[in-house]
There are 2 protein chains.
Amino acid sequence: MANKEIPYKIYLDESEMPTAWYNMRADMKEKPAPLLDSKTLQPASIEMLSQVFCKELAEQELNDTDRYIPIPEEIRNFYKMFRPSPLIRAYYLEKKLGTPAKIYYKFEGNNTSGSHKLNSAIAQAYYAKKQGLKGVTTETGAGQWGTALSMACSYFDLDCKVFMVKVSYEQKPFRREVMRTYGASVTPSPSTTTEIGKKILAEHPGTGGSLGCAVSEAVECAVTNEGYRYVLGSVLNQVLLHQSVIGLETQAALQKYDIKPDIIIGCAGGGSNLGGLISPFVGEHLRGEANYRFIAVEPASCPSLTRGKYAYDYADTGMICPLAKMYTLGADYMPAPNHAGGLRYHGMNTSLSLLREQGILEAVSYKQTEIFEAAEQFARVEGILPAPESSHAICGAIHEALKCKETGEEKTIVFGLTGTGYFDLVGYQRFNDGELEDYIPTDEELAKALNKLPKVD
Amino acid sequence: MANKEIPYKIYLDESEMPTAWYNMRADMKEKPAPLLDSKTLQPASIEMLSQVFCKELAEQELNDTDRYIPIPEEIRNFYKMFRPSPLIRAYYLEKKLGTPAKIYYKFEGNNTSGSHKLNSAIAQAYYAKKQGLKGVTTETGAGQWGTALSMACSYFDLDCKVFMVKVSYEQKPFRREVMRTYGASVTPSPSTTTEIGKKILAEHPGTGGSLGCAVSEAVECAVTNEGYRYVLGSVLNQVLLHQSVIGLETQAALQKYDIKPDIIIGCAGGGSNLGGLISPFVGEHLRGEANYRFIAVEPASCPSLTRGKYAYDYADTGMICPLAKMYTLGADYMPAPNHAGGLRYHGMNTSLSLLREQGILEAVSYKQTEIFEAAEQFARVEGILPAPESSHAICGAIHEALKCKETGEEKTIVFGLTGTGYFDLVGYQRFNDGELEDYIPTDEELAKALNKLPKVD
């Protein structure tokens, strides 16, 4: 262990910030299965992906050989606005739990988007600008990704068209206003600005919309407007690549003080933060340089890694995007309302899914009342009010720390605190009022959507 | 100027954090006029103040001789959770403005209370705990101070009773939920839990309350409950003392890179942030070691420093608290609705008022539409979405930087960015929708309240 005194917050100097992203797939002997064109079921090519995504991002999506990809200087300059993010020793949480474990968390919430999403948003906006595009389109649910993207587009003077699920647009106006302040146009979905939107509105007048519908509108808008491409905030391997900056900084901060983690924990929705945090450590693990436990924490209401199936499935409910081989609950699965909106995705990034299948990545799930209990406990001792999504990782870390208390083991636990809960206070209010309910799907419910998985192979 | 390359964000090491607060009054030859008991009009004694405030805080309130007051270790430990705060070079804002000026801002928003208020909240909670109290009472309008205090009380396991102006309680439920999450009890004011509350409710059934009424309830609650004292987040000299940590860190960060500021700018409500930021520099100025310009920026709708009178006045509209000699618009002045709620105070800290009277502190005011324009411009280039209060300092800094553009002077401007605007999005929404209106009181309106100033001397 360290001889140097470990500060409460470990900050890297700007000169210690990563200059290249880490591409975990380069170290994977078995590569993640290829994306398949949803019409032909043939492996997706760069040309095909480039019709929807920016060209360099399509290349990154298919690149499973280059271990490091340099971070362009413009992106590194932007990163300096809010990075390096601190690695914080949870002294107060340890004390409260009475555990011999040492707990650290990498805090990604200290920026106006409120989460790690900005790491990939700025990269995707950069490549769009470089390609000479006018703008990008995307969908957003609660608005975390849309907010990050609007900030990134404002920086590069790109137009940003966000399709926001109508019910969120109306009920959660604050992130919408942040996006507008950054100059994005925010359209409630379904809308009359797209063919698919009009069709859905004709079939379901008065619908509040869904993420699947918003994706479809965003993709149509990108494909039918000259100079636009579609961008996505999670699930894709390119997103994990950009998010590797989280893990690389964490690795550098730990090395600076000779700290060796035993367990690394992240919350899991589409995999953007989990993959970003763990990938450089998985690389060490795969190269035989170190041995870590990796734990994904997901909501019991949307348990893709713990109760899903490893199979090819549609990445979007609209079935427009390519198919991916992943842990999935079925593209048809409608997760019950849960205040961790960012984790309500039926599938999982393909690389993380493969690691799970290989037994390298463990997975656990917790109910949302357990999550909010952990969130409140954390907030009261560590100061930071966490996002419900991030609180899954907190809950997982507390469980592991309490195991150490039982066994007396002084394990070192690192978890990712992806963001703040300032826009999630309706969830906290329901928790404070004792009105929060848990939803756990029955096996029958899960089977219903899993039985509809496409037949591939 | 510096030989070392100046990073985007200057962070002090934990070992460089201040170990003592700076008490500006010790360096003032003419001392601020004493507080006067509201009944006897005699100078307030420690004994008298101790009936309402914690004893050590009452001592700090009257201490105008000790230049430094050590920060107790428990408070320094808490500070490490969210301090040192970064001093950020506004490279992107400079570029956008095309100014030769060098602009730096001290950012106090990276904590869950969202502002600098936590610096004093934790100090006040500490002294309450040390005195063996059960808890503290306070009032809050928009909720920034109440949030900070609830976090501080949670840390020291103190009860925290917050009286929140009823209209804010109902219309701004989110900060209320943060307070509840930290274990505070939040009562909409006026309430039936106090005599003054019952009286007001009987006289004005259905009233939405006011800050003055909430102060009165909080003071009554402290005085009538065994083991409770009343605490306040601004205006008092003890608050400026605690907030000097902002200025001391700024001074240390500038010295580390041999940067000498020309102009230091802060937003001004009761003076907590402005005084905290400028006081160590004012000290240098008063001791003849340096020469700076200090600028207070206030809302045109509540212009105490620019259009008020330097005179004894009641500190609260309920006229319970001691009288203070200060720049005031009259305790009766009702500022028009303005989205910078934290700056809607009729008076100003006594020390800052004296500096203004002596010509050491300059003051300017801007309309709220100008403030939101500056806020949006700043957010788009610097990333951070600022609180409307903080945006007054941004607006002031932009004006000075544009003057440099005209004259070609390479001045160094430092301003205080007190907090984030995540709970102020109704204001941003109205600005985005073009619905924000400006309010500038007429001379007649101002005269009305100023004519009612108490006759003292």
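Residues numbered from 1 in each chain as written. Chains lettered and ligands numbered in written order. Predicted model: local features only at pLDDT ≥ 70, side-chain atom pairs only at ≥ 80, totals over all residues. Heavy atoms only, no water.

Engineer: Please explain the interface of chain B and chain A as it appears in this structure.
Structural biologist: Reports of interface size often rely on the accessible area that becomes lost once the parts have come together. Contact residues are listed per partner, giving 43 residues for chain B and 43 residues for chain A. Roughly 3,800 Å² of surface becomes buried between chain B and chain A when both sides are summed, with 54% attributable to carbon and sulfur atoms. The largest share of the area that chain B buries against chain A comes from B:Met81, B:Thr181 and B:Tyr422, three residues that together contribute 18% of it. For the pair chain B and chain A, the number of links is 2 salt bridges. Here chain B is connected to chain A by 33 residue pairs in polar contact (both at pLDDT 80 or more). (Contact = heavy atoms within 4.5 Å. Buried area = accessible area lost by both parts, 1.4 Å probe. Salt bridge = Lys/Arg side-chain N within 4 Å of Asp/Glu carboxyl O. Polar contact = N/O pair within 3.5 Å; in protein donor to acceptor, adjacent residues only side chain to side chain.)

Engineer: I tried to follow the packing of aromatic side chains on my own but got confused; where do I start?
Structural biologist: Between two aromatic rings, the relevant description is the distance of the centres plus the angle of the planes. Taken as a whole and assessed by the stated rule, the structure comprises 43 aromatic pairs over all chains. Each ring, one from A:Phe378 and one from A:Phe415, has its centre 6.2 Å from the other, and the planes form 70 degrees; the classification is edge-to-face. Taken together, the residues A:Phe378 in helix α15 (residues 368-382) and A:Phe415 in strand β15 (residues 412-417) connect sequence positions 37 residues apart. Overall, the relative accessible area of 0% leaves A:Phe378 in the buried class. Residues B:Tyr155 and B:Phe156 carry aromatic rings whose centres are separated by 5.0 Å and whose planes lie at 75 degrees to one another, so their mutual orientation is edge-to-face. The side chain of A:Arg176 reaches across the aromatic face of A:Tyr169, ending 4.6 Å from its centre. (Phe/Tyr/Trp six-rings, centres within 6.5 Å; stacked < 30°, edge-to-face > 60°. Helix = DSSP H or I, 4+ residues; strand = E, 2+ residues; numbered from the N terminus. Buried < 20%, exposed > 50% of the residue type's maximum accessible area, 1.4 Å probe, protein only. Lys NZ or Arg CZ within 6 Å of the ring centre and 35° of its normal.)

Engineer: Explain the relation of the copies chain B and chain A here, please?
Structural biologist: Mapping between the two copies of the chain is achieved by a rotation about an axis and a shift along the axis. Structural alignment of chain B on chain A gives an RMSD of 0.0 Å, achieved by rotating through 180 degrees and translating 0.0 Å along the axis. Given the turn and translation reported, the copies of this chain are related as if by a two-fold rotation axis. Across chain B, the rotation axis passes nearest the C-alpha of B:Asn110, at a separation of 3.0 Å. The fraction of interface residues of chain B whose copies in chain A are also interface residues reaches 100%, indicating that both copies meet through the same surface. (Least-squares fit on C-alpha atoms with pLDDT ≥ 70 in both.)

Engineer: Looking at this structure, how should I read helix α6 (residues 144-155) of chain A?
Structural biologist: One full turn of an α-helix is made of 3.6 residues, so residues set three or four places apart face in the same direction. All names here are of chain A. End to end, α6 covers 17 Å across 12 residues, agreeing with the expected 16 Å (1.5 Å per residue, within 8%). Of all 12 residues that make up α6, 11 are buried, and the element is covered over most of its length. Among the residues of α6, Gln144, Trp145, Gly146, Thr147, Ala148, Leu149, Ser150, Met151, Ala152, Cys153 and Ser154 are the ones counted as buried. (Expected span 1.5 Å × (residues − 1).)

Engineer: It is not clear to me how the sheet that holds strand β8 (residues 185-189) of chain A should be interpreted in this structure. Could you clarify?
Structural biologist: For sheets, the rule is that strands pair by backbone hydrogen bonds, running either parallel or antiparallel. Residues and elements named next belong to chain A. The strand order across the open sheet built from 4 strands is β8-β7-β6-β9, with neighbouring strands paired in parallel fashion. With partners counted over all chains shown, the strands left at the sheet margins are β8 and β9 (228-230), one partner each. Neighbour to neighbour, the strand axes of the sheet diverge by 25 degrees on average, direction disregarded. (Pairing = 2+ DSSP bridges. Axes fitted to C-alpha atoms, helices over the stretch in contact; angles between N-to-C directions.)

Engineer: When you look at the sheet that holds strand β6 (residues 135-140) of chain B in this model, what are you seeing that I'm missing?
Structural biologist: All names here are of chain B. Judged by pairing direction, the sheet is parallel, and its 4 strands sit side by side in the order β8-β7-β6-β9 without closing on themselves. Bordering the open sheet on either side are β8 (185-189) and β9 (228-230), each of which pairs with just one other strand. Direction aside, the axes of adjacent strands within the sheet are offset by 25 degrees on average. Summarising the sheet, strand β7 (residues 159-165) and β8 pair through 5 bridges and their orientation is parallel. Residue pairing for β8: phenylalanine 163 is matched across the bridge by threonine 187. Lying on the sheet, helix α6 (residues 144-155) is in contact with β6 and β7; it crosses β6 at an angle near 165 degrees.

Engineer: What's the story with the packing of helix α17 (residues 425-432) of chain A against helix α8 (residues 173-181) of chain B in this structure? I'm lost.
Structural biologist: For any two helices packed against each other, one specifies the inter-axial angle together with the distance between the axes. Relative orientation of the contacting elements α17(A) and α8(B) amounts to 50 degrees, with a least axis distance of 9 Å. It follows from the interaxial angle that α17(A) and α8(B) lie oblique. With respect to the hand of their crossing, α17(A) and α8(B) are arranged in left-handed fashion. Between α17(A) and α8(B), the residues in contact are A:Leu425, A:Val426, A:Tyr428, A:Gln429 and A:Asn432 and B:Phe174, B:Arg176, B:Glu177, B:Val178, B:Arg180 and B:Thr181, respectively. Looking at the contact of α17(A) with α8(B) residue by residue, the class counts come to 5 nonpolar, 3 polar and 3 charged. (Parallel < 35°, antiparallel > 145°, perpendicular 65-115°, else oblique. Left-handed = near helix turned anticlockwise from the far one by under 90°. Nonpolar A, V, L, I, M, F, W, Y, C, P; charged D, E, K, R; others polar.)

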